[in-house]
Amino acid sequence: MKVWDTFLFTYDSGFYEDAKTSVWMIFSKVTPLALLFIWFFTCRHWWYHAILVPIAMYIYQIIGTVNDDVQFFDNFDLIYIVPIMAIVIPSIYLIRAKMFNKIIDADKTMEELEQEFMIKPTTFWGKVKQYF
């Protein structure tokens, strides 16, 4: 079944031989992406920005799955993820270094330092604005 016909839309699988295969490929990327978004927005640890790297990777893979006319799409995924990793990884390292400098200088525990570095917005939109 190359064409999937519903009362809402008609889907032509194009590159894939079967519409079921195409939908399976898309949902195999969307499901972990949704779980990563939930984890990102509910994570209370100081390293939560590291979750942006797999989020960006899954978004890129979804674009490649939907845009099935492009051949060899998954060959150079890291080239497009490098700018995100170039921002996320050094920022996490700098926060970690700042935390351990404060541990050495003061008698604070890790939990106290995590509470000090944690930003707590009061509303859902405040939390969304915090990330963007």
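Description of the structure in this document. (Residues numbered from 1 in each chain as written. Predicted model: local features only at pLDDT ≥ 70, side-chain atom pairs only at ≥ 80, totals over all residues. Heavy atoms only, no water.)

Considering the environment of Phe41
Alright, step 1. Relative to the elements of secondary structure, Phe41 occurs in helix H1 (residues 19–42).
Alright, step 2. Each C-alpha atom, one on Phe41 and one on Ile51, is 9.9 Å from the other, the two residues being 10 residues apart in sequence. (Helix = DSSP H or I, 4+ residues; strand = E, 2+ residues; numbered from the N terminus.)

Considerations on the environment of Ser91
Alright, step 1. Mapping Ser91 onto the fold places it in helix H3 (residues 77–105).
Alright, step 2. A residue is classified by how much of its surface remains accessible, and Ser91, at 29% relative accessible area, is partly exposed.
Alright, step 3. Between the C-alpha atom of Ser91 and that of His49, which follows or precedes it by 42 residues, the distance is 8.6 Å.
Alright, step 4. At 3.1 Å, the side chain of Ser91 forms a polar contact with the backbone oxygen of Ile87. (Buried < 20%, exposed > 50% of the residue type's maximum accessible area, 1.4 Å probe, protein only. Polar contact = N/O pair within 3.5 Å; in protein donor to acceptor, adjacent residues only side chain to side chain.)

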